[in-house]
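Structural overview for review
Listed here are the chains, written in short residue letters.
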Amino acid sequence: MSTPDLDHLARLAYESYRKAARRDDLPQWDDTPERERHGWQVAISAVTAKGDVTLSEGAVATQSLIVQLGDDTHVFHGDTTIGRQGNLKINDDHASSNHALFQSAHGLWYVEDLGSTNGTFLNGRRIFASQRLKKGDKVRIGRTVLLVVSA
């Protein structure tokens, strides 16, 4: 992989980390020390396959996430926010505007709380970090329960 491509992927990974970890205290990529930027480039090169394709972009295809919400079935093909104003809107006063995120990574689906007031629960337990989803899981957002039909 060429250096400009590696630098670009390292920058994307670093900025994604800052956002996902809600680490606004970390400097922007251009303000990070050269040694740290090099570390991110090394990490990215470790997960890069032949042909300049990262492993996350490679052959691992993510199947759709199918959830049941009451009598309705919803199918997601990509990352989706759920809440009173999310991509999947729920009418629940106990849900935050953008309450939780369903996201795919490496062919698997995960749920993550987005800093909601009342928390996100997976099979009755409050989650504090991204959790892998599987068929039969119950995700509670506010007082609304979604059943994972296929993940």
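Since the model is a prediction, treat every value here as computed from it, not as a measurement.

Here we come to the overall build of the protein. Broken down by element type, the protein carries two helices and 13 strands. Counting contacts in the protein only where the partners sit at least 6 residues apart, residues at least 24 apart contribute 35% of the total. In the form shown here, the protein has an accessible surface area of approximately 9,300 Å², with 49% of it arising from carbon and sulfur atoms.

This part takes up the pattern of salt bridges. Within this structure, the stated rule accounts for three salt bridges. Note that Glu34 is salt-bridged to Arg37, the shortest N-O span being 2.6 Å. Here Glu34 and its partner Arg37 are both found in helix α2 (residues 34–46), three residues apart, which amounts to about one turn of the helix.

So, on to the sheet that holds strand β13 (residues 144–150). In spatial order, the strands read β4-β3-β13-β12-β9-β10; together these six strands make up an open sheet with antiparallel pairing. Looking at the sheet topology across the chains shown, the edges are occupied by β4 (72–76) and β10 (125–126).

Here Leu88 lies in strand β6 (residues 88–89). Under the relative-accessibility criterion, Leu88 is labelled buried at 8%. In sequence terms Leu88 and His74 are 14 residues apart; their C-alpha atoms lie 8.6 Å from each other. Once residues lying within four places of it in the same chain are set aside, the contact partners of Leu88 are Leu69, His74, Phe76, Thr80, Thr81, Ile82, Gly83 and Leu146.

Quick look at the pairing of β4 now. Sheet faces and side chains relate simply in a regular strand, where the side chains alternate between the two faces. When strand β3 (residues 65–69) meets β4, the two strands line up antiparallel, connected through five bridges. Directly across from Leu69, in β4, lies its bridge partner Asp72. Between β3 and the antiparallel strand that follows it, β4, lie two residues; Gly70 among them carries a positive phi value of about 65 degrees.

It is worth spelling out the side chain of His99 at this point. On the secondary structure map, His99 appears in the loop between β6 and β7 (100–105). A relative accessible area of 0% means that His99 is categorised as buried. A polar contact is formed between the side chain of His99 and the backbone oxygen of Gly119, at a distance of 2.8 Å. Here the side chain of His99 touches Thr120 through a polar contact of 3.3 Å, side chain to side chain. Each residue touching His99, except ones within four places of it in the same chain, is listed here: Ile82, Gly83, His94, Glu112, Asp113, Leu114, Ser116, Gly119, Thr120, Ile141 and Gly142.

Attention now goes to the sheet that holds strand β5 (residues 80–83). Reading across the sheet, the five strands line up as β6-β5-β7-β8-β11 and stay open at both edges, with mixed pairing between neighbours. Bordering the open sheet on either side are β6 and β11 (131–132), each of which pairs with just one other strand. Examined bridge by bridge, β7 and strand β8 (residues 108–113) share six bridges and lie antiparallel to one another. Residue pairing for β8: Ala105 is matched across the bridge by Leu108.

Right, let's talk about the pairing of β7 for a bit. Pairing analysis gives three bridges linking β5 to β7, with the strands arranged antiparallel. Counterpart to Ile82 in the pairing with β7 is Ala100. Adjacent in sequence and paired antiparallel, β7 and β8 are bridged by two residues, among which His106 carries a positive phi angle near 55 degrees.

As a further point, take the confidence of the model for the protein. Caution is warranted with low-pLDDT regions, since their predicted coordinates should not be read in detail. Averaged over the protein, the pLDDT score is 83; the fraction of residues at 70 or greater is 85%. The low-confidence segment residues 50–60 (pLDDT under 50) makes twelve contacts with residues lying over four places distant or belonging to another chain.

Reading the values: rules and limits
Residues numbered from 1 in each chain as written. Predicted model: local features only at pLDDT ≥ 70, side-chain atom pairs only at ≥ 80, totals over all residues. Heavy atoms only, no water. Helix = DSSP H or I, 4+ residues; strand = E, 2+ residues; numbered from the N terminus. Contact = heavy atoms within 4.5 Å. Areas by Shrake-Rupley, 256 points an atom, 1.4 Å probe, with all protein chains shown as cover. Salt bridge = Lys/Arg side-chain N within 4 Å of Asp/Glu carboxyl O. Pairing = 2+ DSSP bridges. Buried < 20%, exposed > 50% of the residue type's maximum accessible area, 1.4 Å probe, protein only. Polar contact = N/O pair within 3.5 Å; in protein donor to acceptor, adjacent residues only side chain to side chain. pLDDT = per-residue confidence, 0-100.

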